[in-house]
Amino acid sequence: MSLVCLFGCVTLMGCKNKVVKQLAYFPPSPPGYQIVTKENKNELLLRDEHGNTMAPASFGTEIRSFWLKTRRRQTIPAILVSTEGAQFTIIFSHGNSADIGIMTGHLIDFALQLNVNVFMYEYTGYGLSTGTPSEKDTYADIRAAYSYVTTELGIPASQIIIYGQSVGSGPSVDLASDKKCPVRALVLHSPIASGLRMLKAIRKSPWFDLYPNVEKMRHVKVPVLLIHGTHDREVPLEHSLKLQSACKSSVQAFWVPEADHNNIELCWREEYFEKLQDFIDSLLVPTPTEAAHVAAPVVISPPVPTARS
């Protein structure tokens, strides 16, 4: 091996390690929830900081729990928060330092405020999942969720909205750009342009970049909503601006003045839900081409309970 090649490889691997460190996965420990099986039915229990568990207050929604198998042979949990008369189902990819338990309260309010069903899956290595988190595993995880929603729950692609928050933008953009996994729309909340772009400005993602969302956005053909705080110190607004420029589909942008990375849905909750509602309402008026493929809303019936293997 030549000296140039040797130092080049060392430099590239060093850069990749920096990217991996920047996007390190931080699953909450212990998990913020449990899933118990009673009478052949899975039940979600939330865990507080003292280790006590309780069933979440559903406020009129129905909450179900499932175990999914991924193509990378991992087992991951998922929950469905369903509301009566929902016309869309959201497949929700959460942020880095979160899990199903931490997000359940928000998802219940999300479903009620917007009258949608919300299907949240867990990442490999997070919560009660098996394995160790990785980029490839998150891609497999969201496809396991998509497969369950479309196959087991029978939701047509025209009623599926993909929602990715922070690092969850990676698997969300990957799925939405995949022609084999059609969806109705994509929402990106404080997304990253790519892992390497967290460290430096680059024109094109090299082979070792993680979550190269900018390159994949060019293949997204559905309406997109971008949500980002103008004062985001973890993932600057520039990331969303790059994604907006790269996307060839219609894009709506919601830039929240003075908002940081994790407080948009907390401090600007009313405006947040208003913008999401406007975006969802716009999906109810499809273009002539889309109209030919839009199905009537599906009523989700109780599935056969799945137990963890």
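All figures in this text were calculated on a predicted structure; none of them were measured in a lab. (Residues numbered from 1 in each chain as written. Predicted model: local features only at pLDDT ≥ 70, side-chain atom pairs only at ≥ 80, totals over all residues. Heavy atoms only, no water.)

Following the criterion strictly, the structure yields nine salt bridges and no others. Taking the shortest distance from any N to any O, the salt bridge between Asp109 and Arg269 comes out at 2.9 Å. Here the residue Asp109 occupies a position in helix α2 (residues 100-114), and Arg269 occupies one in helix α8 (residues 269-283), the gap between them amounting to 160 residues. On the basis of relative accessible area, Arg269 is assigned to the partly exposed category, the value being 23%. A single salt-bridge network, built from bridges that share partners, covers Arg143, Asp174, Asp178 and Lys216. (Salt bridge = Lys/Arg side-chain N within 4 Å of Asp/Glu carboxyl O. Helix = DSSP H or I, 4+ residues; strand = E, 2+ residues; numbered from the N terminus. Buried < 20%, exposed > 50% of the residue type's maximum accessible area, 1.4 Å probe, protein only.)

Our focus in this paragraph is the packing of aromatic side chains. Across all of its chains, the model carries eleven aromatic pairs by this definition. On the basis of an interplanar angle of 90 degrees and a centroid distance of 5.9 Å, the ring pair of Phe92 and Phe110 is categorised as edge-to-face. Separated by 18 residues along the polypeptide, Phe92 in strand β6 (residues 89-93) and Phe110 in helix α2 bring together distant segments of the chain. With respect to burial, Phe92 and Phe110 carry one shared label: buried. Taking the centre distance of 5.1 Å and the plane angle of 55 degrees together, the rings of Tyr272 and Phe273 count as tilted. Summarising the burial analysis for this pair, Tyr272 and Phe273 share the class buried. One aromatic cluster is present, formed by Phe92, Phe110, Tyr163, Tyr272 and Phe273 through successive ring pairs. (Phe/Tyr/Trp six-rings, centres within 6.5 Å; stacked < 30°, edge-to-face > 60°.)

Core analysis: the largest hydrophobic core is formed by 38 residues, its most contacted members being Phe92, Phe110, Tyr163, Ile227 and Leu276. With seven residues, the single largest contributor to this core is α2. Among the nonpolar cores identified, the runner-up in size contains 37 residues, and Phe66, Ile76, Leu80 and Leu188 belong to it. (Core = buried A, V, L, I, M, F, W, Y, C linked by side-chain atoms within 4.5 Å.)

With that out of the way, let us pick up the side chain of Lys216. Among the secondary structure elements, Lys216 is positioned in helix α5 (residues 213-217). The contact partners of Lys216, leaving out residues within four places of it in the chain, are Tyr139, Val173, Asp174 and Ser177. (Contact = heavy atoms within 4.5 Å.)

With five of five residues buried, β6 lies mostly within the body of the structure. Here β6 shows no split at all, with Thr89, Ile91 and Ser93 on one side and Ile90 and Phe92 on the other all buried. Sheet topology note: the β6/strand β7 (residues 117-121) ladder contains four bridges and is parallel. Counterpart to Thr89 in the pairing with β7 is Asn117. (Pairing = 2+ DSSP bridges.)

As summarised here, the arrangement of the three strands in space is β1-β2-β3, forming an open sheet in which the pairing is antiparallel. Where the open sheet ends on each side, the last strands, each with one partner, are β1 (33-38) and β3 (53-54). Contacts from α2 reach β1 and β2 (41-47), with the element oriented near 95 degrees to β2. (Axes fitted to C-alpha atoms, helices over the stretch in contact; angles between N-to-C directions.)

With that out of the way, let us pick up helix α6 (residues 238-246). Within the sequence span of α6, burial applies to His239, Ser240, Leu243 and Ala246. Angular distribution of buried residues about the axis of α6 spans 125 degrees; they occupy a single face of the element. Buried residues along α6 sit in contact with β9 (185-189), α5, β10 (224-229) and β11 (251-256). (Arc of directions from axis to C-beta.)

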